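Architecture and fold: a report
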Number of protein chains: 2
Amino acid sequence: MEPQRRPGGRSARVREAVLDATTVELAERGYQGLNVDAVAQRAGVHKTTVYRRWGGPEGLVADALGRASEQAWPIPDTGTLVGDLRGLTELVRAGFADPESGPVATAFVTAGMQHPAAAAALRGFYAARHEEAAAIVTRAIARGEAEPEVDADEIIRLAIAPLFHRLFITHEPVTAEQARRAADIAATIAGTPPGT
Amino acid sequence: MEPQRRPGGRSARVREAVLDATTVELAERGYQGLNVDAVAQRAGVHKTTVYRRWGGPEGLVADALGRASEQAWPIPDTGTLVGDLRGLTELVRAGFADPESGPVATAFVTAGMQHPAAAAALRGFYAARHEEAAAIVTRAIARGEAEPEVDADEIIRLAIAPLFHRLFITHEPVTAEQARRAADIAATIAGTPPGT
C-alpha cells in the first residue's frame, strides 16, 4: 500500500532519509559514483522505493537540490554594501572549500553538466539563491550606497561568477583575497554602473 | 615497430587524425559518449594504437586541449578597450552557441569536471587563452584607457566569467546583450579599479 503523503508522515520521513543518504553518498563518491542501491541501503529503505519515486541518480540529485532551495541562505547583513558582498563571496568560497559541504556542492554542479534534469534543478536552485542575495543590493540602494537603477541580480552574479569560473572552468583554487576582490569589484560597479 | 616521431611524419599524422576524430566524436556524442573504438575507427587507426598512446577518453581530451592551446585565438584589436572586450565576450558567446564548435567546447568543460587529467589540461588551455587576451588590456594601458596598475588577467577573467557562470553553473542561455554588458563592466573596472 502507498503511504499517505501527509507532511511529517511516513512519506516525508522516507524522503528526508533518502535525500540525507543521497547527500552523504554524493560527498563521499561524487555524482559519477552515485548509486541507487547504496542510497537505499544507507537510508534503510528498499531500492524499489527509490527507483519508483526518484527514477535514478538524476532524480535524486534534482530532489536534493529542490530541498536545498527551500533552505534559507545566511545572507550577510553587515550594514554596508561592500561588507555584505564580501560576506557573500566568502560564503561561496568557504562552502566549496569545506570538507563536508564542498564535495556535495561540487557534485551538484557536476551533475548539472551531465543531465538535463539536474541542470533544470540547478537553474531553479540558483535563481532562489540569487533572489535571496539580491536583498544585499536593495538594502544598499535604500541606504544610498548603490544607484537606484542598479540591477541587483547582476551585481550578485558579478560578485560570485569569478569564483565559480575558477572552481569549475579553469580549475584553480580560490583564495580569500580573490573572493574579497570579486566583492569589491561588484560594489564598485553598483556605485558607478556603466552606461549611466 | 614504434614510428619515428618527427614532425609531419607518420606519428604526427596519426595524432592529427586521432585528435580530429576525437573532436568530431565529442561534438556528436559529448564527453560521456566518447568511445576509443569509435575514435580509432573514424581516424582509420587500430584501437590498440589509441589505447597505447592516449590511454583512454581522458587522455584524448587532454591531448586535444593541448593541441587547441597551440592554436592562436583571434583576439580583437579594434582600437578601443571597450571594443576589444566586447569582441572578446562575443567570441566566447558565439563559440559556445555555434552548432559546430559549441558542443566540442562544452564537452571539454564537462570533461574537466569529471577527470583530473582533463581539468589540468583545461587549466593550461585557459592560462594560454587568458595570456593572449591580456594584450587587450596592455594595449589599453599604453593608450591611456586603463590605469597602469590594472591587473590585465583579472580584467579578462571579469569580462568572461559571467558568461561561463550562466552557461555551466546556472544553465541559462547567454544573450549578445549580456555578453556586451559583461565587457562594459570589465572596461569600467579597468578605468576605475577598486582600491586605488
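Everything in this summary refers to the structure shown in the same document. All values reported here derive from a predicted model rather than from experimental measurement. For every chain, the first residue of the written sequence is number 1, and numbering continues from 1 along that sequence. Chains carry letters from A onward and ligands carry numbers from 1 onward, assigned in written order. Side-chain atom pairs in this predicted model are given and counted only at pLDDT of 80 or more, local residue features only at pLDDT of at least 70, and totals for whole chains, interfaces and linings cover all residues. Side-chain descriptors were evaluated using all non-hydrogen atoms of the structure, hydrogens and water having been removed beforehand.

Here's the deal with the interface of chain B and chain A
Selection rule: In what follows, a contact means two residues having at least one pair of non-hydrogen atoms within 4.5 Å. Using a 1.4 Å probe, buried area is obtained as the accessible area two parts lose upon being combined, added over both of them. In the sections that follow, a salt bridge refers to a side-chain nitrogen of Lys or Arg positioned within 4 Å of a carboxyl oxygen of Asp or Glu. Between N or O atoms, a polar contact is any pair within 3.5 Å; within protein, one atom must be a potential hydrogen donor and the other a potential acceptor, and residues adjacent in sequence are included only when both atoms are from side chains. The secondary structure listing takes helices from DSSP runs of H or I that are at least 4 residues long and strands from runs of E that are at least 2 residues long, numbered from the N terminus.
Listed per partner, the contact involves 34 residues of chain B and 34 residues of chain A. Across the interface of chain B and chain A, roughly 3300 Å² is buried in total on both sides, 64% from carbon and sulfur atoms. For chain B, the biggest contributors to the area lost against chain A are Met113(B), Ile169(B) and His171(B); these three give 20% of the whole. Taking the shortest distance from any N to any O, the salt bridge between Arg181(A) and Glu154(B) comes out at 2.8 Å. Taken together, the connections running from chain B to chain A amount to 12 residue pairs in polar contact (both at pLDDT 80 or more). Only helix H6 (101–114), helix H7 (116–133), helix H9 (152–170) and helix H10 (176–191) of chain B provide two or more residues apiece to the side of chain B that touches chain A. With 12 residues, H9(B) is the largest single contributor of residues to the side of chain B that touches chain A.

Structural notes on the relation of the copies chain B and chain A
Under the convention used in this document: Superposing the copies works by least squares over the C-alpha atoms of residues that have pLDDT at least 70 in both of them.
Mapping chain B onto chain A is achieved by rotating through 180° and translating by 0.0 Å along the same axis, at an RMSD of 0.0 Å. Put plainly, the chains are arranged around a two-fold axis. Residue Ala161(B), judged by its C-alpha, is the member of chain B lying nearest the rotation axis, at 2.8 Å. Taken as a fraction of all interface residues of chain B, those also at the interface in chain A reach 100%, which identifies the copy contact as same-surface.

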